[in-house]
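Architecture at a glance
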Amino acid sequence: MSGVKTLTVSEDDGEQRLDKWFKRRFPHVTQGAVEKMCRTGQVRVDGGRAKASDRVAPGMTIRIPPLPDAEAPARPRDGGISAADTKMIQNAVIFKDEHIIILNKPAGLPSQGGSGQGERHVDGLAEALKFGYKDKPKLVHRLDKDTSGVLMLARTDRVARALSEALRHREARKIYWAVVAGVPHPRKGSIKYYLMKAPGHGRGGEGEKMVCIHPAKAAEHPDAKRAHTDYFTLWFLGTRLSWMALEPVTGRTHQLRAHMAEMGHPILGDGKYGGSGSENMGDGWGATIGGEISRKLHLHARSLTIQHPITKAVMTFTAPLPDHMARTWAALDWKEDDVPADPFEVFK
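All residue numbers refer to position in the chain's written sequence, counted from 1. Owing to the predicted nature of the model, reporting of local features is limited to residues with pLDDT of at least 70; listing and counting of side-chain atom pairs is limited to 80 or more, with chain, interface and lining totals taken over all residues. Only hydrogens and water are removed before side-chain values are computed, so all heavy atoms of the structure are retained for them.

Between any two strands, pairing holds if DSSP finds at least two bridges. Think of it this way: any DSSP run of H or I at least four residues long counts as a helix, any run of E at least two long counts as a strand, and we number them from the N terminus. In spatial order, the strands read β1-β6-β3-β4; together these 4 strands make up an open sheet with antiparallel pairing. Unpaired on one side and paired on the other, β1 (5–8) and β4 (48–49) mark the two borders of the sheet. The pairing of β1 with strand β6 (residues 61–64) spans 4 bridges and is classified as antiparallel. Paired with Thr8 across the two strands is Thr61, which belongs to β6. Where helix α1 (residues 18–25) meets the sheet, its contacts fall on β1, β3 (44–45) and β6, and the angle it forms with β6 comes to roughly 60°. Contacts were defined at the residue level, with two residues in contact if any of their heavy atoms lie within 4.5 Å. Here an angle of 0 to 180 degrees is reported between the N-to-C directions of two axes, which are lines fitted to C-alpha atoms, with helices fitted over the stretch in contact.

Next up, the structure:
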């Protein structure tokens, strides 16, 4: 167990989130532990309390409380990542060069470790994505565990900082595909409800869910953060189901899931936000239509458009549908090529 120490953010560290800075200095400390130390005031920035999501910059001082000593990470008996996991994560690569790696993250695989996530996640499996580099690539954003699709990793610290800045300044465009209950009216539009964490903790997901706050009441909830989602209805099945394109203009936790549920059209298979129930209190139909379609989350990060941090070329990466969603598309006779890749641009 180490003692209390104070460290200064260096110029090489650049500007980044506090939890990212902490994890690079102390990789053996879990994300959950970092967040707890921030909540309890054990980690302080320039003498004051800070959230794990706060940004730190060169010259700032960070108080580090006593930390447990690093232990050798648990490994399979062969001494490393299993052959099956190595094959799985390498097969998920849809693009790589000297600077970035783009994955089609499988549904059910967490992006990072943390509370309740276990040891098997993209960040841990990134050891199998070094491809000759000394260090493993670094996550620059995350997807929910049950959300599949485009996930970006940086192969160097310099590139990680550049991509993080691009995401923070909304210089990247993400388009998600989803299946939702019912048919939204109007068929395209924007959702601008603020989001805040639900109070309490419990088996029902309290403390993990996000609650929508009407913009007119945002001032009454100081913890609520502005959130903005654009949506477009690509196809629909009667009044029962819709194939949606969703673009998160902001990037809040569970933003797409909470926003669609607030509209009365929860995403299919989303037990946390009502997408696996037989009834729905909003405008949409109940989302239970039987079989796998109701059991697995139907939310997929379909594409990412971003300027390459080194070559400056504007690049778009597209991820094929995961197996469970591809089977749903086949069952409903929906064809991927029948809709525009970017309906928000085509139908301005």
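From this point, the narrative continues.
Here, UniProt's "active site" (unreviewed entry) annotation points to Asp144. On the secondary structure map, Asp144 appears in the loop between β9 (138–139) and β10 (148–154). When a residue's accessible area, from a 1.4 Å probe over protein chains only, is under 20% of the maximum for its type it is buried; when over 50% it is exposed; and in between it is partly exposed. In this structure Asp144 comes out as partly exposed when scored by relative accessible area, which is 24%. Discounting residues that sit within four places of it in the chain, Asp144 has contacts with Lys105, His254 and Arg257. UniProt positions are given in the numbering used here, feature names are shortened, and annotations may be inferred rather than shown by experiment.

Before going further, it helps to spend a moment on the pairing of strand β15 (residues 229–237). As paired elements, strand β12 (residues 188–191) and β15 share 4 bridges and run antiparallel to each other. Opposite Ile191, over in β15, you have Thr229 as the bridge partner. In this sheet, strand β16 (residues 241–248) lies alongside β15 in antiparallel orientation, the contact comprising 8 bridges. Across the sheet, the residue bridging to Trp235 is Trp243, located in β16. The antiparallel hairpin formed by β15 and β16 contains 3 residues in its connecting segment, where Gly238 sits at a positive phi of about 55°.

Turning to the nonpolar core, a few remarks are in order. Nonpolar core, defined: a set of buried Ala, Val, Leu, Ile, Met, Phe, Trp, Tyr and Cys residues in which side-chain atoms within 4.5 Å join the residues together. Ranked by size, the top nonpolar core spans 29 residues in total, and within it Leu103, Leu246, Met260 and Leu299 carry the most contacts. Looking at this core, the elements that each hand over two or more residues are β8 (100–105), α4 (122–125), β10, β11 (173–181), β16, α6 (255–262) and β17 (299–307). Per-element tally for this core: the top contributor is β11, with 3 residues. Filtering out sequence-adjacent residues up to four positions away, Leu103 remains in contact with Ile89, Ala92, Val93, Ile94, Val122, Leu129, Gly149, Val150, Leu151 and Leu153.

All right, on to the pattern of salt bridges then. Each salt bridge in this description consists of a side-chain nitrogen of Lys or Arg and a carboxyl oxygen of Asp or Glu lying within 4 Å of one another. On inspection of all chains with the given rule, the structure shows 15 salt bridges. Note that Lys335 and Asp333 form a salt bridge whose closest N and O atoms lie 2.5 Å from each other. Overall, Lys335 belongs to the partly exposed group, its relative accessible area being 43%. Among the charged side chains, a salt-bridge network with shared partners connects Glu15, Arg55, Glu165 and Arg168.

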